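# Observations on chain architecture
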Amino acid sequence: MKKFYDRTREMIVLKELQRQAYNDYSRFVVLTGRRRVGKTSLVYKLMSETQEESPGLYFFVGRNTETLLVRTFVEEVREKLGEFVPDGMTSFRELFQMILEIGKRKKFTLFIDEFQEFDNINQGIFSDIQELWDKYKKQTNVCLIVSGSIFRMMEKIFKDEEQPLFGRDDSTIRLKPFNTETIKEILGDHKQDYTSEDLLALWTITGGVARYIELLMNNGCTDVQKMIHYVCSSGDSYFVDEGKKILIQEFGKQYGTYFSILDRIAHGDVTQSEIEGALGMKSLGGQMKILEEKYGIIRKKRPIGAKEGSQTVRYEIQDNFFRFWYRYIHRYSALIELQNMPALENIITNDYTVFSGISLERWFRQKMIESCQYRQIGGWWKPNGVNSKGDRDDFEIDIVAETLEGDIEAYEVKRNPQKYSPARLDEKITEMKRHLFRGKEVVKRGLSMEDM
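The paragraphs below set out a description of the structure included in this document. Remember, it's a predicted structure, so these values are computed and weren't measured experimentally.

### Some points on the pattern of salt bridges
Here the structure, examined in full by the defined rule, presents 40 salt bridges. The partner of Asp 319 in a salt bridge is Arg 34, and the shortest N-O contact between them spans 2.5 Å. Here Arg 34 lies in the loop between strand E1 (27-32) and helix H2 (39-49) and Asp 319 lies in the loop between strand E8 (314-317) and helix H16 (320-330), a separation of 285 residues in the sequence. The class for Arg 34 is buried, based on a relative accessible area of 19%. Lys 300 is the partner of Glu 292 in a salt bridge, and the nearest nitrogen-oxygen pair spans 2.8 Å. Among the charged side chains, a network of salt bridges with common partners joins Arg 299, Lys 301, Glu 316 and Arg 362.

Structure follows, in C-alpha cells:
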C-alpha cells in the first residue's frame, strides 16, 4: 500500500503551521492518535512534499540510552542539514540547543517520533526542551513536530499543568482511522471488482486503522476468506498480539482493570453496575469515562432523544478492531495457546455473518456522521422495554436520525435486503412517535449490503 491516502485536512493544517514557522517564528505541533493509525507516514509525506523548500529531520526515540540516541540524532543533523556537529556530544539538551541555534539561520522541520519515550530515558529532557524552546522560539524558524502513540503519556506531557511542556504546543492534531470513502478507495485500488462483503470484512476487522489495512492489502487479502485466514495464520500473528499490546502500553500496571471492563462489555451490552458487580469492584465510572472519552474504545447506548441519566445507560465496544479482537482472539485464547489456528479460523468463518451484521449498521452510521448533515444519530427502542430474556423488545429501530433541518429519518439495516419489511418498520415508527417526534413525518428506508 505505497500510495498515500486521504489526510487532506490534516496535511493542510500541518503545511500552514510549517509556513508560519518558516515565515514568522517557530511552531510546536503535537500529533497524537492510536497505534498504527499513520502518524509517522503523515509527517514523512509532509517532509517529502516540502523538502525542496527546506530539509526535514527525523528523530525516533527508541528504548535506548540517551548517549546512543544522541549519537544517532547527530548523524541525522549532519546528513540532512549539512552542519558540523562535534564528536562526543552525549546530552539531548546540548544537541537541541545546537539545532535551535541553526534554526536562527536555516528553515527546517524537526520531527521527533515516539516523543513520550523520553520519559523512560531522562525525564529532565522535557524541562530542557521547555527552557530552550521558550528562549529560542521567537528567534528561530523551526517547525517542531512531536508524535506519540501512547495517548496517556502524551496527555500527561502536554495537558497536565504540573508538567514543564504544558501549554507549549501551538496546535494538537489527533489522527483518526480512515473514513468510509477512503477504505473503499484503498480496497478498490487492490481489487477493482471487490464486493460489498469484501468491503464489510475490511471495515469489521480493521476499523479503518491504516497499518491493519496495509497488512491485509500487501498480503493480497482482499476478500473475507483471505482476511480471516491471514488473521489466523499463526499463534504469533500480528493481529493476535495487537489488542493486548495496546492495552498494556496505554494503561501500564492498571491494564488488568481496563482489560476486564472491556471483556465484560464484549460479551454484550451491559450497564456500569453490572460490570462492577461482575468484577466485584465499585466506582468504575472514572475508568469507563477514560475508555469512552479519551480512547473512543467504548460508547454509551441510549435511545435517541433520551436525556443524560434519564434511563439505564448501556455500553458497547465502539472500536471495530477491539470488538473483533475480544470476540475471537481473546475469547478463544486457549486455542491460540495450543496453536490450533485452523479451529479458530473455522469458528470465525462460521460466526462471521452474524457478527458482521452489527458492523454493517455501524458502517451506515459512520457514513451519516461523515456527511455532516445530521444534528443527532442513534437508535431507538422503547424505554425500559425488554422481553422475558432481558433483551430489548421487538420495537427497536436500528438507526434514527434528525437532519440539520429537523427532518426525521428511520432505517432498518439488514444484510439481506429481502428481509427488510416496510410494514414492520411502520409499526415501529408508530410506536416511537408515541414517545418521541410526535406529529412529525418520518422518512423510512431499508439499508443493506447493496447500499454500502
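On we go from here.
### Quick notes on the packing of aromatic side chains
Pairs of aromatic rings are described using the distance from one ring centre to the other and the angle between the two planes. Here the structure, examined in full by the defined rule, presents 31 aromatic pairs. An aromatic cluster is defined as three or more aromatic residues linked by ring pairs; in this entry it consists of Phe 28, Phe 59, Phe 73, Phe 92, Phe 96, Phe 115, Phe 118, Phe 126, Trp 133 and Phe 158. Geometry around Tyr 25 places Arg 27 over its ring, the cationic atom sitting 4.4 Å from the centre. Positioned over the ring face of Phe 151 is Arg 174, at 4.4 Å from the centre of the ring.

### Topic: the sheet that holds E8
The strand order E6-E8-E7 describes an open sheet built from 3 strands, whose pairing is antiparallel. Two strands in the sheet have a free side with no partner beyond their single neighbour: strand E6 (270-271) and strand E7 (298-301). Its contacts with the sheet put helix H15 (residues 285-294) on E7 and E8, and the angle it makes with E7 is roughly 105°.

### Concerning the sheet that holds strand E5 (residues 171-174)
Strand pairs in the sheet, formed through backbone hydrogen bonds, run parallel or antiparallel to each other. In spatial order, the strands read E2-E3-E4-E1-E5; together these 5 strands make up an open sheet with parallel pairing. Two strands bound the open sheet, and with one partner strand each, they are strand E2 (56-60) and E5. The average angle at which neighbouring strand axes cross in this sheet is 15°, direction not considered. The pairing of strand E3 (residues 108-113) with strand E4 (residues 142-148) spans 5 bridges and is classified as parallel. Across the sheet, the residue bridging to Leu 110 is Leu 144, located in E4. Relative to the sheet, helix H4 (residues 92-102) contacts E2, E3 and E4, its axis offset from that of E3 by approximately 155°.

### Topic: helix H18 (residues 341-371)
Tyr 352 marks the point of greatest bend in H18, at about 60°. Cys 372, located one to two residues past H18, shows a positive phi value of around 55°.

Criteria and cut-off values
Residues numbered from 1 in each chain as written. Predicted model: local features only at pLDDT ≥ 70, side-chain atom pairs only at ≥ 80, totals over all residues. Heavy atoms only, no water. Salt bridge = Lys/Arg side-chain N within 4 Å of Asp/Glu carboxyl O. Helix = DSSP H or I, 4+ residues; strand = E, 2+ residues; numbered from the N terminus. Buried < 20%, exposed > 50% of the residue type's maximum accessible area, 1.4 Å probe, protein only. Phe/Tyr/Trp six-rings, centres within 6.5 Å; stacked < 30°, edge-to-face > 60°. Lys NZ or Arg CZ within 6 Å of the ring centre and 35° of its normal. Pairing = 2+ DSSP bridges. Contact = heavy atoms within 4.5 Å. Axes fitted to C-alpha atoms, helices over the stretch in contact; angles between N-to-C directions. Bend = angle between axes of the 7 residues up to and from the residue.

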